[in-house]
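Geometric and topological summary
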Amino acid sequence: MKILNGAQLQLIDQLTIQRQGISSWELMERAALKAVEAMESDFGEGLQELPIVIICGKGNNGGDGLAIGRILGEQGYNVEVKLLHSENYSPDNLINQQKLGAKEMFTLDDDLKLPASGLLIDCLFGSGLHSELGISWVNIIRRINGFGGPVVSIDMPSGLLTDRLIDSGAPMVHADKVYTFQVPKLNLLLPAYGYAVGGFTVLDIGLDTQALDEAEGAYHYTVAEDVAGLLRPRSRFSHKGTFGHACLIGGSEGKMGAVVMSARASLRSGCGLLTAVVPQIGHPILQSTVPEAMLSVDSGKLQLEEFSNNGNFQAFGVGIGMGKGESTVRGFSKWMQDLKSQARIILDADALNILSEHADLLKFLPRQTILTPHPKELQRLIGEWSDDYEKIEMAKTFARAHGVILLIKGAHTAIIDEDGSCYFNSTGNPGMATGGSGDVLTGIICSLLAQGYVPLEAAKLGVFIHGLTADLAKEKFGEISMLPTDLIDFLPMAFEKLKPRSYLA
Ligand SMILES: NC(=O)C1=CN([C@@H]2O[C@H](COP(=O)(O)OP(=O)(O)OC[C@H]3O[C@@H](n4cnc5c(N)ncnc54)[C@H](O)[C@@H]3O)[C@@H](O)[C@H]2O)[C@@H](O)CC1
Ligand SMILES: Nc1ncnc2c1ncn2[C@@H]1O[C@H](COP(=O)(O)OP(=O)(O)O)[C@@H](O)[C@H]1O
Ligand SMILES: [K+]
């Protein structure tokens, strides 16, 4: 799915109206109906009991609010609509004013009266906001943010631009939930605005698909339909050799669990064979916990030294629980220098930290190596950034300069390809914020690489599946108690869920 900005969406609106032979008001009505449907599904029966207040501005976002107010009113909800006084309402806003009838007018100088609790629907500004809000908006935004119940924003939290940096002091609605139309907007995905976007749902309002496909942009949002088609069916005559031999290299004293989790995640993700290269201390641990894995035991006792690399492996996953002791750094450097240029590799954790401290090794990275830093590891790798936009630009520069794929972990993990394309993930939840989740991801992606998925596909599919396991685990264990090992246990269900349904049994 593409990530688009306000100007692009305005153009696509026009094309949709022309091609579908509908009026702009009808499109607005579609959007409003979708928003009401989403609220009914999220709030359930509770919506009947809540006083609902809708705050509308002068443009089409306000027009949506007026339509939502009418639809909710017709369905018997307890709804009150407040409309900002203006000299220049948009045409569809005016039509919806007439259709609604009763509403309360207010100005920015008024002391807006709000119920003590209930649900507030914010329709002041959407994707048509062209610059950050000035001081005259502080009062009303403060009232909205001080509301005693949930705040949902239609399309965008009012005050948030779609794809540009905003001054940190600028007034902005803090939404518990955003119902955004057709495609996500970049600022809904960035950590910088996490405080204003509690969560969001993308509502399909049936915009012209050709126009959406043709819209240009480097930013994408990976949803199930984007990756389901990548999953390969298994042929009847396939055998273990068909699905590749993955090699995981890592572990050190006290951190063997990382390799255990990676190895189990690899095997659950379908590779045909798995070898783990571990220090001697890992021998009994791996053999007893992951009997399916073969072992290559290193000469190092407590940490890796030798990095023996004498198998015919289709993919390497390196760095999990590895540490960065002197002999490990020496062994890893030698291993890097001996790599074949076509090797498929994913580097994580201490492998990344060693690269940060030994930038001379970067030149040995085979093309399309996947690097999976969390923000702290990324900063060690590419340097400090001043904001999320600069972070993305610096990451693109790094990916291009070294011919690698950077996978920046976190909520909405961003995968940055060497051509500058950027893919944000849609699955996952804060239950994954427990040490070990990253090791599971490395195992999954290494397994996909071994099976022959090209690196960008392996990264997108792996990150999506990894997040999906957490969404499934959340239903059983909740975000607080979920563990990385639970993610592994939900891999089978996640792969099944993603598999396109066959008409054959
Ligand atoms: N394809 C879509 O996404 C659709 C969008 N619709 C709605 O239309 C909205 C966009 O409507 P509009 O383009 O009318 O834009 P908005 O309603 O977001 O606001 C635009 C109005 O605010 C003014 N404005 C912009 N920046 C300002 C600033 N910094 N300070 C003060 N005033 C400012 C503009 O001059 C304009 O009058 C979307 O967010 C969505 O809610 C739907 O109605 C239909 C389909
Ligand atoms: N709030 C969150 N929402 C979604 N995913 C998250 C969140 N927090 C962490 N994750 C995911 O969990 C994993 C954590 O990996 P990492 O930071 O390397 O930790 P570790 O290696 O200790 O497991 C990443 O894949 C990251 O995207
Ligand atoms: K809004």
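Residues numbered from 1 in each chain as written. Chains lettered and ligands numbered in written order. Predicted model: local features only at pLDDT ≥ 70, side-chain atom pairs only at ≥ 80, totals over all residues. Heavy atoms only, no water.

A short note on the site of ligand 1
Taken together, 22 residues sit near ligand 1, with Asp 13, Asn 61, Asp 64, Gly 126 and Asp 155 positioned nearest. Measuring from an oxygen atom of ligand 1, one finds a side-chain N or O atom of Asp 64 at 2.4 Å. Contact between ligand 1 and Ser 131: a nitrogen atom at 2.8 Å from a main-chain N or O atom of the residue. About the coverage of ligand 1: the protein hides 84% of its 870 Å² of free accessible area. Where the shell around ligand 1 is concerned, the elements lending two or more residues are α1 (6-20), α2 (24-43) and α4 (60-74). Examining the composition of the shell around ligand 1, we find that three residues originate from one element, α4, more than from any other. Here the shell around ligand 1 is composed, by residue class, of eight nonpolar, nine polar and five charged. (Near = heavy atom within 4 Å. Polar contact = N/O pair within 3.5 Å; in protein donor to acceptor, adjacent residues only side chain to side chain. Areas by Shrake-Rupley, 256 points an atom, 1.4 Å probe, with all protein chains shown as cover. Helix = DSSP H or I, 4+ residues; strand = E, 2+ residues; numbered from the N terminus. Nonpolar A, V, L, I, M, F, W, Y, C, P; charged D, E, K, R; others polar.)

Points about the pattern of salt bridges
Oppositely charged side chains may form a pair once their charged atoms are brought near each other. A full pass over the atoms with the stated rule returns 17 salt bridges. Across the salt bridge formed by Arg 19 and Asp 208, the nearest N and O atoms sit 2.5 Å from each other. With Arg 19 in helix α1 and Asp 208 in the loop between β7 (200-203) and α7 (209-214), this pair connects stretches of sequence that are 189 residues apart. Note on Arg 19: relative accessible area 41%, which makes it partly exposed. Here Lys 82 and Glu 104 are joined by a salt bridge, their closest N and O atoms 3.0 Å apart. (Salt bridge = Lys/Arg side-chain N within 4 Å of Asp/Glu carboxyl O. Buried < 20%, exposed > 50% of the residue type's maximum accessible area, 1.4 Å probe, protein only.)

Some thoughts on the coordination of the potassium ion (ligand 3)
Six octahedral donors around a metal ideally subtend angles of 90 or 180 degrees, whereas four tetrahedral donors ideally subtend 109.5 degrees. Around the potassium ion (ligand 3), the protein contributes the donor atoms Asn 61 (OD1), Asp 122 (O), Phe 125 (O), Ile 154 (O), Met 156 (O) and Ser 158 (OG), which lie 2.6 to 3.2 Å from the metal centre. The site at the potassium ion (ligand 3) holds six donor atoms, and with the angles between them running 66 to 170 degrees, its shape is irregular. We note that the donor set of the potassium ion (ligand 3) lies within a single chain, spaced as N-x60-D-x2-F-x28-I-x1-M-x1-S. The buried category is assigned to Ile 154, whose relative accessible area is 0%. A relative accessible area of 0% places Ser 158 in the buried class. (Donors = N, O, S within 2.8 Å, 3.2 Å for Na, K, Ca; no water. Tetrahedral: all angles 85-135°; square planar, octahedral: opposite > 155°, others 65-115°.)

What to know about the site of ligand 2
Every one of the 17 residues lining ligand 2 counts as a neighbour, but Lys 409, Gly 410, Gly 436, Ser 437 and Gly 438 are closest to it. Take Gly 438: an N or O atom from its main chain is 2.6 Å from an oxygen atom of ligand 2. Considered on its own, ligand 2 offers 560 Å² of accessible surface; in the complex 78% of this is hidden by protein. Of the residues forming the shell around ligand 2, the biggest block, three residues, is contributed by helix α15 (residues 437-450).

A look at the sheet that holds strand β3 (residues 104-106)
In space, the seven strands of this open sheet follow the order β3-β2-β1-β4-β5-β6-β7, with parallel pairing throughout. Each having just a single partner strand, β3 and β7 make up the two edges of the open sheet. Taken pair by pair, the neighbouring strands of this sheet meet at an average axis angle of 20 degrees, ignoring direction. (Pairing = 2+ DSSP bridges. Axes fitted to C-alpha atoms, helices over the stretch in contact; angles between N-to-C directions.)

Examining helix α5 (residues 91-100)
Those residues of α5 not exposed but buried are Asp 92, Asn 93, Asn 96, Gln 97 and Leu 100. Along the long axis of α5, the arc covered by the buried residues comes to 145 degrees, so they all point the same way. Opposite the buried face of α5, by more than 90 degrees, sit the exposed residues Pro 91 and Gln 98. In the core, the buried residues of α5 are packed alongside α2, α4 and β2 (79-84). (Arc of directions from axis to C-beta. Contact = heavy atoms within 4.5 Å.)

Thoughts on the side chain of His 466
Tracing the sequence through the fold places His 466 in helix α16 (residues 455-481). Non-local contacts of His 466, meaning those with residues more than four positions away in its chain, are made with Met 432, Ser 437, Val 440, Leu 441, Ile 444 and Leu 487.

Describing the UniProt feature "binding site: AMP" (unreviewed entry) in the chain
Mapped onto the present numbering, the UniProt feature "binding site: AMP" (unreviewed entry) falls at Lys 409, Gly 410, Ala 411, His 412, Thr 413 and Gly 438. Judged by maximum C-alpha separation, these annotated positions cover 30 residues in sequence but sit close together in space, the widest gap being only 13.9 Å. Locating Gly 438 in the fold gives a position in helix α15. Classification of Gly 438 as buried rests on a relative accessible area of 19%. When near neighbours in sequence (up to four residues on either side) are disregarded, Gly 438 contacts Asp 348 and Lys 409. (UniProt positions renumbered as here; feature names shortened; annotations may be inferred.)

Focus: the pairing of strand β12 (residues 315-318)
Side chains of β12 alternate between two faces, with Ala 315 and Gly 317 and Phe 316 and Val 318 buried alike. Sheet analysis places strand β9 (residues 245-249) next to β12, joined by four bridges and oriented parallel. Looking across to β12, one finds that Ile 249 is bridged to Val 318. Pairing of β12 with strand β13 (residues 345-347), which is carried by three bridges, proceeds in the parallel orientation. Paired with Phe 316 across the two strands is Ile 345, which belongs to β13.

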